[in-house]
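Structural features, examined
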Amino acid sequence: MDNQVEGKKIYKLVEDLFPICRSITGNGVRETFQIIKSHLPNLKIHEVPSGEKCFDWIIPNEWNVKDAYIKNEAGEKVVDFKINNLHLLNYSIPINIKIPLKELEKHLYSLPEQPDVIPYVTSYYERRWGFCLSHNCRKNLLDGDYTVCIDTSLKKGSMTYADLLIKGNTDKEILVSTYICHPSLANNELSGPALATFLAKWVEEKVDKRFSYRFIFIPETIGAVAYLSRNINHMKKNTIAGYVLSCVGDNRSYSFMPSRTGNCLADKIALHVLNYKIKSFKSFSFLQRGSDERQYCAPGVDLPVCSIMRTKYGEFPEYHTSNDNLNLVSSEGFQGSYDIHIDVFSILEKNKKYIATCLGEPQLGRRNLRSTLGAGELAVEFKLISDFLAYSDGNLDLVDIANILNVYAIELFPIVDTLFSHNLIRISE
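Read on for an overview of the structure.

About the cut-offs
- Residues numbered from 1 in each chain as written.
- Predicted model: local features only at pLDDT ≥ 70, side-chain atom pairs only at ≥ 80, totals over all residues.
- Heavy atoms only, no water.
- Pairing = 2+ DSSP bridges.
- Helix = DSSP H or I, 4+ residues; strand = E, 2+ residues; numbered from the N terminus.
- Buried < 20%, exposed > 50% of the residue type's maximum accessible area, 1.4 Å probe, protein only.
- Lys, Arg positive; Asp, Glu negative; His and termini not counted.
- Salt bridge = Lys/Arg side-chain N within 4 Å of Asp/Glu carboxyl O.
- Polar contact = N/O pair within 3.5 Å; in protein donor to acceptor, adjacent residues only side chain to side chain.
- Contact = heavy atoms within 4.5 Å.
- Expected span 1.5 Å × (residues − 1).
- Arc of directions from axis to C-beta.
- Axes fitted to C-alpha atoms, helices over the stretch in contact; angles between N-to-C directions.

Summarising the sheet, strand β4 (residues 62-71) and strand β5 (residues 77-80) pair through three bridges and their orientation is antiparallel. Of the residues in β5, the one forming a bridge with Lys71 is Lys77. Where β4 hands over to β5, the hairpin turn is made up of five residues, of which Gly75 adopts a positive phi near 85 degrees.

Below, the structure is given as structure tokens:
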């Protein structure tokens, strides 16, 4: 039996999205959303006009690119955006000039320590133009004049984001946020939106949902700020746990980025799942944050948001380079991240505080919940029932009890159902 079914679907979506040139604004983002919308028909797409103030930020002009290249004196393209969209400094202004190599060098970006890769560089909020190329290619540029063509537009337009609210039995929400603003980067860019898409499909198919689920696809930083500026009161009132999806497609390790407080419900559930399923993972400090947890956990916003990743952004050598390609991510890596988050959602759905309804220990034997033949210590399954009841005092939730009993919370699901069926526990209000 194939145990990577969802992982393969997620990988295929990454393949479909990989060629598109995205930025914080522009048609590449809209094209990306149309593909995601083919999987999530109820996805809603929104536009925020250029110039709109969002807290301390202002939505920039919209950027689109048709072509960009550098030609040498022989007319050969030595750098070509159409071969790799990382070649163009993201948000470059339009230009068409002929300049000597000495002047061109001021607009080139490369990584001497990684001479074979193309770096990913941006200039969203300062007008610049430039090209990114491998350092080896840069060293091979000969003296002479070069024709530089950047066919871009930077003008009033809008920033695009999308969201999907899947209603549950209550208005309390689980937030899932991911960014969609980088060009052809597989793990750092596309792994999050692709995983979010298939997590949303799972949630939609879940028949009984205790919570509502809010999936957000936004440009990193400016998108989170804009989304919060439009929805902060609702989100502060209703969000009980949230997760930022980033760098979830490689097959190396797992990482955990806590919320600012480090002790919210989202943190507790994430750490419980990781400690049980992964054992060995790397925990980071909120001081090492770098994605949209910066916005969701900011003072005054204070949403309970953390992040479960594979290798954390900035911690793998391919980060923000052309080596973050389809070879870096795998269906196995995606399946692992998918399974982790499904367990997180499942535990959140079941995580309640329970109160034992009997004073003293109930007689489990007459309910066929333990053997009536005394023979020393209780069998394991009977002891687990007894131990669960012993801590069902209305103060501890399911994960608290699971941590005390040193068992995975999901293993307690059938015990909870059994005890409910015998009216031996009730939910603490």
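Having seen the model, we can carry on.
The next subject is the side chain of Glu349. Relative to the assigned elements, Glu349 resides in helix α9 (residues 331-350). Here Glu349 occupies a buried position and makes no salt bridge, while the nearest side chain of opposite charge, Lys206, is found at 5.2 Å. A distance of 2.5 Å separates polar atoms of two side chains, one belonging to Glu349 and the other to Tyr213. Beyond its immediate sequence surroundings of up to four residues, Glu349 is in contact with Lys206, Asp208, Lys209, Arg210, Phe211 and Tyr213.

With that out of the way, let us pick up helix α2 (residues 27-39). For α2, which comprises 13 residues, the first-to-last C-alpha distance of 19 Å matches the rise-based estimate of 18 Å (1.5 Å per residue) to within 8%. Where α2 is concerned, the buried positions are Gly28, Val29, Thr32, Phe33 and Ile36. Down the axis of α2, the buried side of the element spans an arc of 135 degrees, and every buried residue falls inside it. In the core, the buried residues of α2 are packed alongside α1 (5-17), β1 (44-49), β10 (158-166), α5 (186-205) and β12 (212-218).

Spatial strand order, β18-β17-β19: three strands in an open sheet with antiparallel pairing. Each having just a single partner strand, β18 (393-397) and β19 (425-427) make up the two edges of the open sheet. In this sheet, adjacent strand axes meet at a mean angle of 35 degrees when their direction is disregarded. Where strand β17 (residues 353-356) lies against β19, three bridges are found, and the strand directions are antiparallel. Counted as the bridge partner of Ile355 is Arg426 from β19. The strands touched by helix α12 (residues 413-421) within the sheet are β17 and β19, with β19 carrying the most contacts at an inclination of about 105 degrees.

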